[in-house]
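Here is what each chain is made of, one letter per residue.
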Amino acid sequence: MIIGVPKEIKQVENRVGLTESNVRQLVDSGHQVLVESGAGKGSLISDEDYESAGAQLVSSREQVYSQSEMIVKVKEPLQEEYDLLQENQILYTFLHLAPEPELTQALLKRKVKAVAYETIQEKDGSLPLLKPMSEVAGRLAAQIGAVYLQKDHGGKGILLGGVPGVFQGHTVIIGGGTVGVNSAFIAIGLGSKVTILDLNPARLEYVSHHYHGRVQTLYSNRENVEGAVRTADLLIGAVLLAGSKAPKLVTKEMIGSMSEGSVVVDVSVDQGGCIETTRPTSHEHPTFLYEGVIHYAVPNIPGIVARTSTYALTNVTFQYALNIANKGLETAVRESSVLARGLNIYKGKVTYEPVARDLGLEYEPFS
Ligand SMILES: NC(=O)c1ccc[n+]([C@@H]2O[C@H](COP(=O)([O-])OP(=O)(O)OC[C@H]3O[C@@H](n4cnc5c(N)ncnc54)[C@H](O)[C@@H]3O)[C@@H](O)[C@H]2O)c1
């Protein structure tokens, strides 16, 4: 199969769909890989790295799209890429189609076969291709929060770890899933006092046992959220109700009870945010103030550590790419119900039910 890797064109998106080691494995398996020149630069993978792994470098994205049977990307195609997609071409990338009617129509019209990373789903309901980005975002949330607590970044001037004889800072994390425990991992490493709130008793038990009581766990109800937020120096929003908008668990009044120069990092902003005062920001302008509290709410946090994120992402995406290349999409999907959940669009039909339902389109299962 001919596999193409275009350079990402979304703002501050430095990740890339395949690493040099992925290219080598594909080439060793008898495939041809076309890489757009500069595609790996933001992840510190040079054209020479790709070339020595056996890729063929091409100078334009038009060439990548027109010559490849499968396109491997990170982010969804943007408008300027729609017309480059070819009929019957396999598109393997993050898509998030449910809130994107225009992109969905473009993929239907171009009759591509689109597999979305975010809907590839294990039998236990887990989403293995989403997890590494939650790990990255969770770890960064605590790191970024610690920096914004510094006076030179407008914060209240608290060192999360304190020093002997001085109070530690307090990190409060709402949601003890992948983002939550990874935020806790870094916050604990920095020496912070940490509280995690969750609704799921199994998560509270896991966190409590995993951190040997080093983290205060609390059942997530209004009183506990209110009390924890009031004493937080750093508040991290890490809630997810799969497929739905995040519930607004922290109200304006609760944010008003925080002391000036405290920091909010709402990681769940990509699902609308779990903090009432959240609105999406960008890497160019990552923060805003609400009643003196610094809010950081960037929806694509992992993009700023592209090198780490590219390797974390491809560690989980590549096995499916290789399988599709080796067997062809149809056989690979028939043989794996996990991969089959990822098939969102197939030759002009919506093959993923939640997307069809959310966009009011006809659902036609792949057969
Ligand atoms: N901004 C970014 O760059 C970025 C990157 C990765 C993930 N995310 C987002 O972060 C969010 C969390 O992702 P995750 O992978 O940790 O999800 P997850 O499913 O692993 O964890 C979510 C947790 O929220 C808990 N929860 C649900 N309702 C709750 C409530 N009322 N109170 C407290 N806890 C509650 C769940 O029990 C679960 O433990 C998602 O919205 C995800 O899309 C954002």
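Residues numbered from 1 in each chain as written. Predicted model: local features only at pLDDT ≥ 70, side-chain atom pairs only at ≥ 80, totals over all residues.

### A few points about the site of the ligand
Phase 1 of the analysis: Around the ligand sit 32 residues in total, of which Ser134, Ala137, Gly177, Val179 and Ser220 are the nearest.
Phase 2 of the analysis: Within the residue set of the shell around the ligand, elements represented by two or more residues are helix 6 (131–148), helix 7 (178–189) and strand 8 (193–198). (Near = placed C-beta within 6 Å. Helix = DSSP H or I, 4+ residues; strand = E, 2+ residues; numbered from the N terminus.)

### Quick notes on the pairing of strand 11 (residues 263–266)
Phase 1 of the analysis: What you see with strand 11 is no split at all: Val263 and Val265 on one side and Val264 and Asp266 on the other are buried throughout.
Phase 2 of the analysis: Examined bridge by bridge, strand 10 (residues 234–237) and strand 11 share 4 bridges and lie parallel to one another. Bridging from a neighbouring strand, Gly237 pairs with Asp266 of strand 11.
Phase 3 of the analysis: Of the strand pairs in this sheet, strand 11 and strand 13 (residues 293–296) are connected by 3 bridges, and their pairing is parallel. (Buried ≥ 20, exposed ≤ 12 C-beta atoms within 10 Å, placed from the backbone. Pairing = 2+ DSSP bridges.)

### Brief notes about the packing of helix 6 against helix 7
Phase 1 of the analysis: Following both chains from N to C, one finds helix 6 and helix 7 inclined at 40°, their axes separated by 7 Å at the closest point. Considering their axes alone, helix 6 and helix 7 lie oblique with respect to each other. In terms of crossing hand, the pair formed by helix 6 and helix 7 is right-handed. Side by side, helix 6 and helix 7 meet where Lys131, Ser134, Glu135, Ala137, Gly138, Arg139, Ala141, Ala142 and Gln143 of the first sit next to Thr178, Val179, Gly180, Asn182, Ser183, Phe185, Ile186 and Ala187 of the second.
Phase 2 of the analysis: Across the contact of helix 6 with helix 7, the residue classes break down as 7 nonpolar, 7 polar and 3 charged. (Axes fitted to C-alpha atoms, helices over the stretch in contact; angles between N-to-C directions. Parallel < 35°, antiparallel > 145°, perpendicular 65-115°, else oblique. Left-handed = near helix turned anticlockwise from the far one by under 90°. Contact = placed C-beta atoms within 7 Å. Nonpolar A, V, L, I, M, F, W, Y, C, P; charged D, E, K, R; others polar.)

### Digging into the environment of Ala187
Phase 1 of the analysis: Within the secondary structure, Ala187 sits in helix 7.
Phase 2 of the analysis: Note: C-alpha distance between Ala187 and Glu276 (89 residues apart in sequence) is 24 Å.
Phase 3 of the analysis: Those residues in contact with Ala187 that lie beyond four places of it in its chain are Ala142, Leu160, Thr171, Ser192 and Val194.

### Here we look at the sheet that holds strand 7 (residues 170–174)
Phase 1 of the analysis: Read from one edge of the open sheet, 7 strands run 9-8-7-10-11-13-12, paired in mixed fashion. The strands lining the two open edges of the sheet, one partner per strand, are strand 9 (215–219) and strand 12 (287–290). Taken pair by pair, the neighbouring strands of this sheet meet at an average axis angle of 20°, ignoring direction.
Phase 2 of the analysis: The sheet strands contacting helix 7 are strand 7, strand 8, strand 9 and strand 10, and the helix crosses strand 8 at an angle near 170°.
Phase 3 of the analysis: On the sheet, helix 9 (residues 222–230) packs against strand 7, strand 8, strand 9 and strand 10 and is oriented at approximately 155° with respect to strand 8.

### Quick notes on the packing of helix 6 against helix 11 (residues 306–327)
Phase 1 of the analysis: Their axes nearest at 8 Å, the elements helix 6 and helix 11 cross at an angle of 155°. Considering their axes alone, helix 6 and helix 11 lie roughly antiparallel with respect to each other. Handedness of the helix 6/helix 11 crossing: right-handed. The residues of helix 11 that touch helix 6, namely those facing Pro132, Met133, Glu135 and Val136, are Thr308, Ser309, Ala312, Leu313, Asn315 and Val316.
Phase 2 of the analysis: Class assignment for the residues of the contact of helix 6 with helix 11 results in 6 nonpolar, 3 polar and 1 charged.

### Observations concerning helix 6
Phase 1 of the analysis: The terminal C-alpha atoms of helix 6, which comprises 18 residues, lie 26 Å apart, in line with the 26 Å expected from a rise of 1.5 Å per residue.
Phase 2 of the analysis: Here helix 6 lies mainly inside the structure; 14 of its 18 residues are buried. (Expected span 1.5 Å × (residues − 1).)

### Some points on the domain arrangement of the protein
Phase 1 of the analysis: Domain parsing of the protein yields domain 1 (2–120 + 306–359) and domain 2 (135–299).
Phase 2 of the analysis: Averaged C-alpha coordinates put domain 1 and domain 2 at centres separated by 33 Å.
Phase 3 of the analysis: On the side of domain 2, 4 residues touch domain 1, which itself brings 5 residues to the contact.
Phase 4 of the analysis: A total of 3 residues in the side of domain 1 that touches domain 2 trace back to one element, the largest contributor, which is helix 11. (Domains from an automatic or database assignment.)

### Concerning the pairing of strand 8
Phase 1 of the analysis: The buried fraction of strand 8 amounts to 6 of the 6 residues, a majority that puts the element mostly inside the structure.
Phase 2 of the analysis: Burial along strand 8 is two-sided: the residues Lys193, Thr195 and Leu197 and Val194, Ile196 and Asp198 are all buried.
Phase 3 of the analysis: The sheet contact formed by strand 7 and strand 8 spans 5 bridges and is parallel. For His170, the partnering residue across the bridge sits in strand 8 and is Lys193.
Phase 4 of the analysis: Chirality of the crossover, the property in question, places the unit of strand 7, helix 7 and strand 8 among those that are right-handed.
Phase 5 of the analysis: The sheet contact formed by strand 8 and strand 9 spans 5 bridges and is parallel. Residue pairing across strands places Thr195 opposite Gln216, the latter belonging to strand 9.
Phase 6 of the analysis: A crossover links strand 8 with its parallel partner strand 9, the connecting element being helix 8 (residues 201–210), and its sense is right-handed. (Right-handed = clockwise from strand over helix to strand, strands pointing away.)

### Observations concerning the environment of Leu149
Phase 1 of the analysis: Residue placement: Leu149 occurs in the loop between helix 6 and strand 7.
Phase 2 of the analysis: Sequence separation between Leu149 and Val263 is 114 residues; the distance between their C-alpha atoms is 6.4 Å.
Phase 3 of the analysis: In this view, Leu149 contacts Gly155, Lys156, Ile158, Leu160, Gly169, Asp233, Leu234 and Val263; residues no more than four positions away in its chain are not counted.

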